[in-house]
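Structural characterization, general
Residue-level listing of the chains:
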Amino acid sequence: MKDFDDLQELSAAARTLLDETRSLHDPSPGDRDRVKRAMLGAIAGGAGLAATTAATGTAAAAGTTIATAGGISLGLKIAAAVLLAGAVGGTTLLVANPSDEPATRAATHVAAARATPTGSTGAMVVEVAPEPEPRRESEPAPVVAPQVETAATTSRRPRAAPREPTPSVEPTAPPSSLAEELALLRRAQRAIAAGDPSMAVRHLDELAERFPDGVMVEEREAARVVALCESGRREDARATAQRFLRERPASPLRARVSGACP
Amino acid sequence: MSGHEEAMGAAAVACLPESGSGTHRVVRAAPRLEEIYDAQFDFVWRSARRMGVAESSVDDVVQEVFLVVHRRIDDFEGRSSVKTWLFAILLRVVADHRRTLRRKGGLSELPESLAAEHGDDPEEQAQKRQRLEVLHELLGQLDDEKRAVFVLAELEQLTAPEMAEALGVKMNTVYSRLRAARKSFEAALGRHRAREERR
């Protein structure tokens, strides 16, 4: 290191370890986009203007968050449709819609917008109901639609999905094979969350091959149902779900599996 | 606000209701924030990981760093290096995060997982994971100050003036801390190897 000629050099063993691991902490493109969405959502919710508690992502709970069309897009494109200024209470309504990107499964999670006329002005009030989803389950990429609060519908409070760090409760160090099994399962779940269900299926296949009787076999199969459904392989997804329900009638994941690919 | 806002290229635009008034305000993520984000996200992410933030928390920590950037973007004017500014913010966010963890009774961490690199076979994957665990074990034995200077010097290869700025210390302090950090790291590595050999 050119600035530190007088410092003792690191040993060869230390250098090798550092060289081997230098690139292993890099984020994936999915990481970058996911965090960007969360950040912009937090800013839109006013978190950027007020103190937030560090590191717990409570910014996302500050209020409105932003819908994304398509699983992953850099920057958020929100085309706001103009609605009319109402005379009463100066009601000005804006609807944020996902942009002109093609409707995807993410858009289908946005509940259908309802248009209701307001009485006095004839202005159209369009609400887009939110679908808050917890981020870290084996579910499709979370989409939360913005809520527009108007004088006519002040009973609607903005809701947002509170983000919580995944609680990791392993009181003792797991044996290494369980550690590997967990790591693979986590990878699959993250791939689903990142909108890459085919990658998730590959991870789950590897998981099934390496740990056919592993501890996490139920979670694996539940994740497989979701991943298959998300990649459009709905028949396969349903077949997997049915096999799961047949073979594991007492599983705590029953409800999630049976609802995963309607 | 009247009229309508079109999506503006890469800038994020949101129209939000102002409570009570029936009007709306536009919140735009400043183009500068997005530029900084796109340029520095990787650095902030991997620095957070190297400073010991668990995978399950790194999203939140990184997000918080950029929220601080957003709040304090005006403070940045005139600084020489975005990277060192970000690292300084990161250190504070990580410290806050640890306090929160302690208050909540501590979370143990799930084992490391690595995003599969294209073309890796399972053995390469397992070996990489193992090396990474060793690195984390060794870094974990450094105190925060030593770890920070070690990570910046040995993994990011910042220059001494950059490190001084990032850590908020004089150059002499950078030198002495790095000397001590290297010594501690080597000692930890030596202990690790001794344990491995005894197996």
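None of these values were measured; they are calculated from a predicted model.

Once that is clear, we can look at the pattern of salt bridges. All names here are of chain A. With the rule as written, the count across this model stands at 30 salt bridges over all chains. Two residues, arginine 34 and aspartate 31, come together in a salt bridge whose shortest N-O distance is 2.8 Å. Placement of the pair is arginine 34 and aspartate 31 together in helix α2 (residues 29-44), with a separation of 3 residues, close to one helical turn. Grouping residues by exposure puts arginine 34 and aspartate 31 together as buried.

Turning next to the state of the cysteines. Residue and element names in this part refer to chain A. Enumeration according to the criterion identifies 1 disulfide over all chains in this entry. At a sulfur-sulfur separation of 1.9 Å, the disulfide partner of cysteine 229 is cysteine 261. Linking cysteine 229 and cysteine 261, the disulfide has an S-S dihedral of approximately 80 degrees and is accordingly described as right-handed. Of this pair, cysteine 229 sits in helix α6 (residues 217-230) while cysteine 261 sits in the segment after α8 (254-259), and the two are 32 residues apart along the sequence. Accessibility assignment for this pair places cysteine 229 and cysteine 261 in one class, buried.

This part covers the nonpolar core. Counting 63 residues, the largest nonpolar core has B:Val62, B:Phe66, B:Val69, B:Phe87 and B:Phe185 as its most contacted members. Aside from chain neighbours lying at most four places away, what touches B:Phe87 is B:Phe43, B:Ser47, B:Met51, B:Ala148, B:Leu152, B:Ala166 and B:Leu167. Counting 20 residues, the second largest nonpolar core, distinct from the first, contains A:Leu182, A:Leu204, A:Met216 and A:Leu228.

This next bit is on the packing of aromatic side chains. Scanning all chains against the criterion turns up 5 aromatic pairs over all chains. Ring centres 4.4 Å apart and planes at 25 degrees place the aromatic pair B:Phe150 and B:Phe185 in the stacked group. Of this pair, B:Phe150 sits in helix α5 (residues 144-155) while B:Phe185 is found in helix α7 (residues 171-198), placing the two residues 35 residues apart along the sequence. Here the two residues B:Phe150 and B:Phe185 agree in accessibility, since each one is buried. In textbook terms, an aromatic cluster arises when at least three aromatic residues are bridged by ring pairs, as seen for B:Tyr37, B:Phe41, B:Trp45 and B:Phe66. Seen from the ring of A:Phe244, A:Arg248 lies directly overhead, with NZ or CZ sitting 5.9 Å from the centre.

Calculation rules
- Residues numbered from 1 in each chain as written.
- Chains lettered and ligands numbered in written order.
- Predicted model: local features only at pLDDT ≥ 70, side-chain atom pairs only at ≥ 80, totals over all residues.
- Heavy atoms only, no water.
- Salt bridge = Lys/Arg side-chain N within 4 Å of Asp/Glu carboxyl O.
- Helix = DSSP H or I, 4+ residues; strand = E, 2+ residues; numbered from the N terminus.
- Buried < 20%, exposed > 50% of the residue type's maximum accessible area, 1.4 Å probe, protein only.
- Disulfide = S-S within 2.5 Å.
- Core = buried A, V, L, I, M, F, W, Y, C linked by side-chain atoms within 4.5 Å.
- Contact = heavy atoms within 4.5 Å.
- Phe/Tyr/Trp six-rings, centres within 6.5 Å; stacked < 30°, edge-to-face > 60°.
- Lys NZ or Arg CZ within 6 Å of the ring centre and 35° of its normal.

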